[in-house]
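Below, each chain spelled out in residue letters.
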Amino acid sequence: MFALGIDIGGTSIKGGIVNNKGKLFDTFKMPVTKDENQDKTVKKLIRLVKRFLKEYHYKNEDIIGVGCGVPGIIDSTNGIVTFSGNLKWHNFALKRVLEEGLGFPVKITNDANAAALAEAKYGSGSKYKSFLMVTLGTGIGSGIFVDGKLYEGNLGKGAEFGHSLLVMDGRQCACGRKGCLEAYASATALVKDTRAMMEFHKDSLLWKVSEELGSVNARVPFIAAREGDKYAIELVDMYVKYLSEGLINYFNTFRPEAVILSGGIAEEGEFLISKIRNYCQTHDYGLKMCPSVDIVKSSVGYDSGKIGAAALFFD
Ligand SMILES: [Zn+2]
């Protein structure tokens, strides 16, 4: 039993054939041209998928459906991309257009929800019934699993943990509000903080590491902190505090069994995760009375978007 999983991103669209055990087979990728309109991009995608299925000799009866993960505000119930800032898509009936173009049943969801579904079925989440998956990238994506089911909220528009409030009247967030967790704990925010720290401390190792990596990116403070640079350690500690305080809000609302971290920053592994664990264990309200929350790294990794989108048909 196969489904086609498609992961739509701001710079490329990736897809692949996935079986009901979460194994990925043949794949394709196409670039997304900036400022191309939504109809044109999806027409191109439909032509590519048809060619792809033919080239790899898949028959229509082999595929039970096409699952699609899209960044932004998605009405999964009606199959509509309400708004995607990265793609500049607006009120787009993606499910209908793909179904008409491809002739398969189509399901769509938010890309972070798709990744969480992959993790729940085939990865670190498989041993938990309730967890929060947080993707630490350009923004903060999140997927919520409650009692073994993906929780999307009314019309599929929930699970926007990154836009929960961390600081009243705080930093400007990309969503238009101020003080969201994303404005403090995304990779973008960490890079901004790193640049600011560098401006004040020309003697910091942050400068040398940035030079070696060719840019100031989110790995810079972690590399310099591992080497003992006090300014980098300060940055990492602040980052841990921002993210952990956000997580504790979630713990106190949902009390999940686990948090699964994914995205570029999660690749820092135990160096970062042990600090988050420590912070949460000492600051979590009701610590002594409540079960603790496991904090772990995602295990499905790079292909989770495609695998999770396909898994919409194996749920
Ligand atoms: Zn926001």
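The structure reproduced in this document is the subject of the present report. (Residues numbered from 1 in each chain as written. Predicted model: local features only at pLDDT ≥ 70, side-chain atom pairs only at ≥ 80, totals over all residues. Heavy atoms only, no water.)

This brings us to the overall build of the chain. Counting secondary structure elements, the chain contains ten helices and 13 strands. Across its three principal directions, the C-alpha atoms of the chain cover 60 × 45 × 35 Å. Within the chain, buried positions represent 52% of all 315 residues. Here the contacts in the chain between residues at least 6 apart in sequence split such that 62% fall between residues at least 24 apart. Total accessible area on the chain is roughly 15,000 Å²; 52% of this is exposed by carbon and sulfur atoms. Of the charged side chains in the chain, 39 are positive and 36 negative; the average position of the first set lies 4 Å away from that of the second. (Helix = DSSP H or I, 4+ residues; strand = E, 2+ residues; numbered from the N terminus. Buried < 20%, exposed > 50% of the residue type's maximum accessible area, 1.4 Å probe, protein only. Contact = heavy atoms within 4.5 Å. Areas by Shrake-Rupley, 256 points an atom, 1.4 Å probe, with all protein chains shown as cover. Lys, Arg positive; Asp, Glu negative; His and termini not counted. Charge placed at Lys NZ, Arg CZ, Asp CG, Glu CD.)

Turning next to the coordination of the zinc ion. Taken together, His 163 (ND1), Cys 173 (SG), Cys 175 (SG) and Cys 180 (SG) make up the full set of protein donors to the zinc ion, lying 2.0 to 2.4 Å away. Considering all four donor atoms around the zinc ion, angles at the metal cover 105 to 120° and the coordination shape is tetrahedral. Of note, the zinc ion draws all its donor residues from one chain, in the sequence arrangement H-x9-C-x1-C-x4-C. Judged by its relative accessible area of 39%, Cys 175 is partly exposed. (Donors = N, O, S within 2.8 Å, 3.2 Å for Na, K, Ca; no water. Tetrahedral: all angles 85-135°; square planar, octahedral: opposite > 155°, others 65-115°.)

Moving on: the sheet that holds strand 12 (residues 258-262). Pairing is mixed across the open sheet formed by five strands, whose spatial order is 11-10-9-12-13. A single partner strand is all that each edge strand has here, and the edge strands are strand 11 (149-151) and strand 13 (294-297). Put simply, the sheet's adjacent strands are angled 25° from each other on average, direction ignored. The pairing of strand 10 (residues 140-146) with strand 11 spans three bridges and is antiparallel. Across the sheet, residue Phe 145 finds its bridge partner in strand 11, namely Leu 150. (Pairing = 2+ DSSP bridges. Axes fitted to C-alpha atoms, helices over the stretch in contact; angles between N-to-C directions.)

So, on to the packing of aromatic side chains. Counted according to the given criterion, the structure contains ten aromatic pairs. Ring centres of Phe 161 and Tyr 250 lie 5.8 Å apart, and the angle between their planes is 80°; this geometry places the pair in the edge-to-face category. Of this pair, Phe 161 sits in the loop between strand 11 and helix 4 (182-185) while Tyr 250 is found in helix 8 (residues 230-254), placing the two residues 89 residues apart along the sequence. According to the relative accessible area criterion, Phe 161 is buried, its value standing at 7%. On the basis of relative accessibility, which here comes to 6%, the residue Tyr 250 falls in the buried class. Both rings, one in Phe 222 and one in Tyr 239, keep their centres 6.4 Å apart while their planes meet at 85°; by these two values the pair is edge-to-face. Taken together, the residues Phe 222 in helix 7 (residues 220-226) and Tyr 239 in helix 8 connect sequence positions 17 residues apart. On the basis of relative accessible area, Tyr 239 is assigned to the buried category, the value being 1%. (Phe/Tyr/Trp six-rings, centres within 6.5 Å; stacked < 30°, edge-to-face > 60°.)

Moving on to the pattern of salt bridges. Evaluation of the coordinates by the stated rule reveals eleven salt bridges. Put simply, Arg 277 and Glu 270 hold a salt bridge, and the shortest N to O gap is 2.9 Å. What makes Glu 270 partly exposed here is its relative accessible area of 47%. (Salt bridge = Lys/Arg side-chain N within 4 Å of Asp/Glu carboxyl O.)

In terms of burial, helix 10 (residues 304-311) is a largely internal element, eight of the eight residues being buried. Looking at helix 10, one finds that the buried residues are Ser 304, Gly 305, Lys 306, Ile 307, Gly 308, Ala 309, Ala 310 and Ala 311.

Attention shifts here to the sheet that holds strand 1 (residues 2-8). Picture the strands of a sheet paired through backbone hydrogen bonds; they go either parallel or antiparallel. What the five strands build is an open sheet, ordered 3-2-1-4-8; its pairing is mixed. Of all the strands in the sheet, just strand 3 (24-31) and strand 8 (106-110) have a single pairing partner and so form its edges. On average, adjacent strands in this sheet sit at an angle of 20° to one another, irrespective of strand direction. Note: strand 2 (residues 12-19) against strand 3, six bridges, orientation antiparallel. Each bridged residue has a counterpart across the sheet, and for Gly 16 the counterpart in strand 3 is Thr 27. On the sheet, helix 2 (residues 94-102) packs against strand 1, strand 4 (63-70) and strand 8 and is oriented at approximately 145° with respect to strand 8. Here helix 3 (residues 111-122) sits on the sheet and contacts strand 1, strand 2, strand 4 and strand 8; the angle it forms with strand 8, its principal contact strand, is near 100°.

All of the buried residues in helix 2 are Leu 94, Leu 98, Gly 101 and Leu 102. What you see down the axis of helix 2 is that its buried residues fit within an arc of 80°, all on one side. On its buried face, helix 2 sits against strand 1, helix 1 (38-55), strand 4, strand 6 (80-84), strand 7 (89-92) and strand 8. Downstream of helix 2 by one or two residues, Gly 103 has phi in the positive range, about 80°. (Arc of directions from axis to C-beta.)

Don't take any of this as a statement about function, it's just geometry.
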